[in-house]
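# Fold and contact review
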Amino acid sequence: MPRIPILSPEQMNSEQRRIHDAVVSGPRGMLVGPLRAAIHRPELADKWQQFGELLRYRTSLPSRLSELAILVTARHWDCQVEWHLHERDAIKAGLEAPIMAAVQLGKRPAEMDADTAAAHDFGAELLRDRFVSEPTYQLVLARWGVVGVIELTAIIGYYSMVAMTLNAHELPLPDGVAPPLEARA
């Protein structure tokens with residue numbers, strides 16, 4: 001059970017409904033994840049959905065690497081819902097199953113091409129150490145430039161906020177979906 005009410009469209013006030021309708025008419029197609037919490041503060045939900053849409057659908061990074069960064073973030077925060085919502089997008093974007101399986105276990109994938117390794121290691125270092133080493137930073141900068149390194153950092157930060165929101169409010173997985181992440185010791 002979530003710790004806060006999950007509003008149906010019929011329960012929303014006019015401002016909440018306006019944001020809801022904007023979200024469902026966009027690329028998401030539905031109000032999901034942390035927006036179900038943020039909708040209680042419509043202005044926050046509106047800014048949140050705009051920022052999320054930009055980072056999810058309109059960055060210069062290849063979508064498979066954006067989804068990898070999101071999965072690394074979900075695993076770091078042990079966020080079941082975030083992993084569930086992005087696993088299928090990662091598959092659709094072409095992220096390889098062995099890479100996803102290693103990340104799901106909280107491990108560094110054994111075999112990655114240079115771009116995948118750069119994106120993975122940047123995210124893992126930032127989340128684990130709160131900093132990124134100079135060699136890893138320079139790899140990402142060399143591959144995707146200033147804009148790419150800014151976007152990758154923003155994706156990790158944004159999806160950390162998403163994970164914290166989902167976890168703090170205990171927003172549930174859809175009915176019938178088993179938790180995709182095993183608890184860590």
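The paragraphs below set out a description of the structure included in this document.

Cut-offs and rules
- Residues numbered from 1 in each chain as written.
- Predicted model: local features only at pLDDT ≥ 70, side-chain atom pairs only at ≥ 80, totals over all residues.
- Heavy atoms only, no water.
- Salt bridge = Lys/Arg side-chain N within 4 Å of Asp/Glu carboxyl O.
- Helix = DSSP H or I, 4+ residues; strand = E, 2+ residues; numbered from the N terminus.
- Buried < 20%, exposed > 50% of the residue type's maximum accessible area, 1.4 Å probe, protein only.
- Axes fitted to C-alpha atoms, helices over the stretch in contact; angles between N-to-C directions.
- Parallel < 35°, antiparallel > 145°, perpendicular 65-115°, else oblique.
- Left-handed = near helix turned anticlockwise from the far one by under 90°.
- Contact = heavy atoms within 4.5 Å.
- Nonpolar A, V, L, I, M, F, W, Y, C, P; charged D, E, K, R; others polar.
- Phe/Tyr/Trp six-rings, centres within 6.5 Å; stacked < 30°, edge-to-face > 60°.
- Expected span 1.5 Å × (residues − 1).

### Some details on the pattern of salt bridges
Within the structure shown, the criterion is met by ten salt bridges. Residue Arg18 pairs with Glu15 through a salt bridge whose shortest N-O separation is 2.7 Å. With Arg18 and Glu15 both in helix 1 (residues 14–24) and three residues apart, this pair spans about one turn of that helix. Looking at Glu15, the relative accessible area reads 35%, which means it is partly exposed.

### Structural notes on the packing of helix 4 (residues 63–76) against helix 5 (residues 80–92)
It is at 9 Å that the axes of helix 4 and helix 5 come closest, and there the two elements cross at 155 degrees. With respect to helix 5, the axis of helix 4 lies roughly antiparallel. The handedness of the crossing between helix 4 and helix 5 is left-handed. Across from Glu67, Ile70, Leu71, Thr73, Ala74 and Arg75 in helix 4, the residues of helix 5 making contact are Glu82, Trp83, His86, Glu87, Asp89 and Ala90. Of the residues that constitute the contact of helix 4 with helix 5, the class distribution is five nonpolar, two polar and five charged.

### Things to note about the side chain of Gln16
Tracing the backbone shows Gln16 in helix 1. Look at Gln16 and you get buried, because its relative accessible area is 7%. Contacts of Gln16, omitting those with residues within four sequence positions, involve Leu7, Gln11, Ile39, His40 and Pro42.

### Quick word on the side chain of His86
Of note, His86 is situated in helix 5. On the basis of relative accessible area, His86 is assigned to the buried category, the value being 5%. Ignoring any residue separated from it by four or fewer positions in sequence, one finds His86 in contact with Arg56, Glu67, Ile70, Leu71 and Tyr159.

### Thoughts on the packing of aromatic side chains
One pass over the full model with this rule turns up three aromatic pairs. Relative to Tyr158, the ring of Phe51 has its centre 5.4 Å away and its plane inclined at 90 degrees; by these criteria the two rings are edge-to-face. In this pair, Phe51 is assigned in helix 3 (residues 42–57) and Tyr158 in helix 8 (residues 134–168), connecting sequence segments 107 residues apart. Judged by relative accessible area, which is 4%, Tyr158 ranks as buried. Here Tyr158 and Tyr159 contribute two aromatic rings whose centre-to-centre distance is 4.8 Å and whose plane-to-plane angle is 85 degrees, an arrangement assigned as edge-to-face. Like Tyr158, the residue Tyr159 is buried in the burial classification. Clustering of aromatic rings is evident, with ring pairs tying together Phe51, Tyr158 and Tyr159.

### Some words on helix 7 (residues 114–129)
Residues spaced three or four apart along an α-helix face the same direction, because each turn holds 3.6 residues. With 16 residues, helix 7 ought to run about 22 Å at 1.5 Å a step, and its terminal C-alpha atoms sit 21 Å apart, in line with that. Looking only at helix 7, the buried set comprises Thr116, Ala117, Ala118, Ala119, His120, Asp121, Phe122, Gly123, Ala124, Glu125 and Leu127. Against the buried residues of helix 7 lie helix 4, helix 6 (97–104) and helix 8.

### Overview of the environment of Glu182
Assignment of secondary structure puts Glu182 in the segment after helix 8. Distance in space between the C-alpha atoms of Glu182 and Ala38 is 27 Å, their sequence separation being 144 residues.

These results come straight from atomic positions and should not be treated as a statement about function.
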